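Take a look at the letters that make up each chain.
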Amino acid sequence: MRELIVNRYPKSAVSEAIKTVRTNLKFSSSDKKIKTILVTSATSGEGKSFISANLAIDYASSGKKVLLIDCDLRKGRLQDIFNIVTNSRMGLSNLLIDDSWKKNLGEYISDTEYKNLNVLSTGTIPPNPSVLLESLKLEKVVEELKNKYDVIIFDSTPVIGLTDTLIVSRLADIVLLVARARKTTPELLESAKRALENVNASIGGVILNRVEFYNRNYYKKYYR
């Protein structure tokens, strides 16, 4: 829960930055309403789950009904971040092999302590995540969920070395790339960008995470 900054510290620089991201997304497409957002990074450890979770909370606090889906079927973290206690067999991977998924859909979705925000966690770690994500059923599930939620945020795997995010990107109106200050190199970021462009993903921009800054007139010092 310590990673959930927006609600706990609404006046912090991090919270203000997340609000700016949401505002920019709202005005980034004049001809199309953004409903599905994919958050990813070039490699692991750059903070994509941190950004996904806090962006979802900010959307929910604005009155939107939000679903956060953990599409990292290898090392998903959202269940731990939100301290969700649920059956490990009740997540996205299990939903995708449930023949009665439409009838049982609500059983796979968890409430959070945040109003308007639900989470669909990873579930059982499958032997073939990319094959599962490539199934037509995922598209049908997302279409059904779009009728129930204003915003759906996909927290996905890193781009480099895995095909999972490239597969899921077909379901996203826009993709956000998270980079970590002093860790993500321009070469890695460019490689991730090219991979996403090769599958015609709509890249909305890059979020620079874990930036150290100082403003004595307003924030004092905050690091994230």
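Rules of the game
Residues numbered from 1 in each chain as written. Predicted model: local features only at pLDDT ≥ 70, side-chain atom pairs only at ≥ 80, totals over all residues. Heavy atoms only, no water. Helix = DSSP H or I, 4+ residues; strand = E, 2+ residues; numbered from the N terminus. Buried < 20%, exposed > 50% of the residue type's maximum accessible area, 1.4 Å probe, protein only. Contact = heavy atoms within 4.5 Å. Areas by Shrake-Rupley, 256 points an atom, 1.4 Å probe, with all protein chains shown as cover. Lys, Arg positive; Asp, Glu negative; His and termini not counted. Charge placed at Lys NZ, Arg CZ, Asp CG, Glu CD. Salt bridge = Lys/Arg side-chain N within 4 Å of Asp/Glu carboxyl O. pLDDT = per-residue confidence, 0-100. Core = buried A, V, L, I, M, F, W, Y, C linked by side-chain atoms within 4.5 Å. Phe/Tyr/Trp six-rings, centres within 6.5 Å; stacked < 30°, edge-to-face > 60°. Lys NZ or Arg CZ within 6 Å of the ring centre and 35° of its normal.

Focus on the overall build of the protein
Okay, step 1: Summing up its helical and strand segments, the protein has 10 helices and nine strands in all.
Okay, step 2: Overall, the C-alpha framework of the protein stretches about 55 × 40 × 35 Å when taken along its three principal axes.
Okay, step 3: Sorting the 224 residues of the protein into buried and exposed places 50% on the buried side.
Okay, step 4: Nonlocal contacts in the protein, meaning residues at least 24 apart in sequence, comprise 77% of its contacts between residues at least 6 apart.
Okay, step 5: Here the protein has roughly 11,300 Å² of accessible surface; of this, 48% comes from carbon and sulfur atoms.
Okay, step 6: Considering the protein, the positive charge centre built from 34 side chains and the negative charge centre built from 25 side chains are found 5 Å apart.

Digging into the side chain of lysine 137
Okay, step 1: Topologically, lysine 137 is positioned in helix 8 (residues 136-146).
Okay, step 2: No salt bridge is formed by the buried lysine 137. Its closest oppositely charged neighbour is aspartate 99, at 4.1 Å.
Okay, step 3: Excluding anything up to four places from it in sequence, lysine 137 contacts Leu95, Leu96, Ile97, Asp98, Asp99 and Trp101.

Observations regarding the pattern of salt bridges
Okay, step 1: With the rule as written, the count across this model stands at 12 salt bridges.
Okay, step 2: Its salt-bridge partner being arginine 77, residue glutamate 3 comes within 2.4 Å of it at the nearest N-O pair. Taken as a pair, glutamate 3 in the segment before helix 1 (5-8) and arginine 77 in the loop between strand 2 (66-70) and helix 4 (78-81) lie far apart in primary sequence, 74 residues in all.
Okay, step 3: Overall, the relative accessible area of 11% leaves glutamate 3 in the buried class.
Okay, step 4: In this structure, a network of salt bridges that share partners links the residues Lys19, Arg22 and Asp58.

Structural notes on the confidence of the model for the protein
Okay, step 1: In this model, the protein carries a mean pLDDT of 89, and residues with pLDDT of at least 70 account for 93%.
Okay, step 2: Segment residues 216-224: pLDDT under 50, and 26 contacts once partners within four positions in sequence are set aside and those in other chains are kept.

Let's talk about the nonpolar core
Okay, step 1: With 35 residues, the main nonpolar core has Leu67, Ile69, Leu92, Leu145 and Phe154 as its most contacted residues.
Okay, step 2: At the level of secondary structure, the elements contributing two or more residues to this core comprise strand 2, helix 5 (92-95), helix 7 (129-133), helix 8, strand 5 (151-155), helix 9 (164-168), strand 6 (174-180) and helix 10 (186-198).
Okay, step 3: The element that contributes the greatest number of residues to this core is helix 8, accounting for four residues.
Okay, step 4: Here leucine 145 is in contact with Leu67, Ile69, Leu105, Ile109 and Ile152, once residues within four sequence places are set aside.
Okay, step 5: With 33 residues, the next largest nonpolar core counts Ile18, Ile57, Ala60 and Val178 among its residues.

Let's talk about the packing of aromatic side chains
Two aromatic rings are characterised by how far apart their centres lie and by the angle between their planes.
Okay, step 1: Counted by the stated rule, this structure contains one aromatic pair.
Okay, step 2: Their ring planes at 90° and their centres at 6.2 Å tell us that phenylalanine 82 and tyrosine 114 sit as a pair that is edge-to-face. Of this pair, phenylalanine 82 sits in the loop between helix 4 and helix 5 while tyrosine 114 sits in the loop between strand 3 (110-111) and strand 4 (117-120), and the two are 32 residues apart along the sequence. As far as the burial class goes, phenylalanine 82 and tyrosine 114 line up, both buried.
Okay, step 3: One Lys or Arg, lysine 65, reaches over the ring of tyrosine 149 and ends 5.2 Å from the middle of that ring.

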